[in-house]
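Spelled out, the chains give:
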Amino acid sequence: MGTISLSFFVGVLSLLVCTATAQGGNVLKVTIFYESKCSDSMSFITEQLKPTFEKVGQYLKIDLVPYGNAEHKVSNGTYTFTCQHGPDECRYNKIHSCALKYITDQNQVVDFISCLMVLKNEDKVLNECAKKSNVNLAKINSCSSSHEGDALLAANGDRTHSFKPKVKWVPTIVFNDKYDDDDQQLAETNLLEAICKKLEPKPNECDMKISVIHI
């Protein structure tokens, strides 16, 4: 009986330790307001976010918000969107929005979204990117062509319009829900350094350098 009680005590103690470690984990939330067909957004996601995530992704919570300098209206439950780079961008913003709902693994999220951004979101590469990232494209396509996709994109618009200070350009990069001009300027050109300045304690991966491959 004494042995069982001791084992139980050790198990509970281990659980408490693990829970405390998880809650106190070194995780930084990175929110990125962007547009699917904006060249600056494309280069940032492919040349900064993707390689940085490959280095320190385990310390990050990635929060992507595809919408940018768009507008939307709703009338009798029907949404209409106007996007900076035309109707195709609205459509791809919906695809991104649906992908972010149905892909739950952030490794897949970063891989899939960055694949689309490298290849400029041409329809012919959707299947290629989905296969590469092991993503169920059927759910995403169904969502993006329905009212669900409209509602998800409108919600991203509401987030974008309500953020303070106002989102004036894309990509806008925010750490732990607080925007800072210095963080923005550094993150645009060296996301890894910007992130490592925020992580405490600083992980060993912050000593690594990123080699950017232009595609």
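What you are looking at is a predicted structure, and each value in this text was computed from that prediction instead of being measured. (Residues numbered from 1 in each chain as written. Predicted model: local features only at pLDDT ≥ 70, side-chain atom pairs only at ≥ 80, totals over all residues. Heavy atoms only, no water.)

## With respect to the nonpolar core
Here is the rule we go by: Side-chain atoms within 4.5 Å are what join buried Ala, Val, Leu, Ile, Met, Phe, Trp, Tyr and Cys residues into a set we call a nonpolar core. Remark: exposure states derive from per-residue accessible area (1.4 Å probe, protein chains only) relative to the maximum for the residue type, with buried under 20%, exposed over 50%, and partly exposed in between. In this description a helix means any DSSP run of H or I spanning at least four residues, a strand means any run of E spanning at least two, and both kinds are numbered starting from the N terminus. Residues are treated as being in contact if the distance between any of their heavy atoms lies within 4.5 Å.
Ranked by size, the top nonpolar core spans 44 residues in total, and within it V30, F112, I113, I140, F175 and I195 carry the most contacts. Among the elements that make up this core, the one with the highest residue count is helix α4 (residues 106–118) (seven residues). When neighbours within four sequence positions are excluded, I195 is seen to be in contact with L28, V30, T52, V56, L60 and F175. If you look at the next biggest cluster of nonpolar residues, it comprises seven residues, including Y67, A70, F81 and L153.

## Here we look at the sheet that holds strand β2 (residues 60–66)
In a beta sheet, neighbouring strands are held together by backbone hydrogen bonds and run either parallel or antiparallel to one another. Heads up, the condition is: A pair of strands is treated as paired once DSSP finds two or more bridges between them. Whenever a helix is involved, its axis is fitted only over the stretch in contact; in every case the axis is a line through C-alpha atoms, and angles between N-to-C directions fall within 0 to 180 degrees.
Read from one edge of the open sheet, three strands run β2-β1-β5, paired in mixed fashion. Two strands close off the open sheet at either side, each with one partner strand: β2 and β5 (172–175). Looking at each pair of strands side by side, their axes are set apart by 15° on average, direction ignored. One ladder, built from seven bridges, connects strand β1 (residues 28–34) with β2; its direction is parallel. In the sheet register, I32 faces β2, and the bridge partner there is L64. Contacts between helix α2 (residues 39–56) and the sheet are confined to β1, β2 and β5, with β2 contributing the most and set at about 165° to the helix. Across the face of the sheet, helix α9 (residues 191–198) comes into contact with β1, β2 and β5 while running at roughly 20° to β5.

## Observations regarding the state of the cysteines
Selection criterion: Two cysteine sulfurs form a disulfide in these notes if their separation is within 2.5 Å.
Applying the stated criterion across every chain, the model contains four disulfides. Here C196 pairs with C206 through a disulfide, and the sulfurs are 2.0 Å apart. The sign of the S-S torsion, about -95°, decides the handedness of the disulfide formed by C196 and C206: left-handed. Of this pair, C196 sits in helix α9 while C206 sits in the segment after α9, and the two are 10 residues apart along the sequence. Of the two residues examined, C196 and C206, each falls in the buried class. The cystine pairing of the protein, numbering bonded cysteines in sequence order, is 1-2, 3-6, 4-5, 7-8.

## Some words on the side chain of E89
What counts is decided by this rule: Positive charge is attributed to Lys and Arg, negative charge to Asp and Glu, and no charge count is given to His or to the chain ends. Definition used for salt bridges: Asp or Glu carboxyl oxygen within 4 Å of a side-chain nitrogen of Lys or Arg. Here a polar contact means two N or O atoms within 3.5 Å. Within protein one must be a hydrogen donor candidate and the other an acceptor candidate, and residues neighboring in sequence count only if both atoms are side-chain atoms.
On the secondary structure map, E89 appears in helix α3 (residues 87–102). K37 provides the closest opposite charge to the buried, unpaired E89, separated from it by 7.3 Å. For E89, the side chain forms a polar contact with the main-chain nitrogen of Q84, separated by 3.4 Å. Separated by 2.9 Å, the side chains of E89 and H85 make a polar contact. Contact partners of E89, with chain neighbours within four places excluded, come to E35, S36, K37, C38, C83 and Q84.

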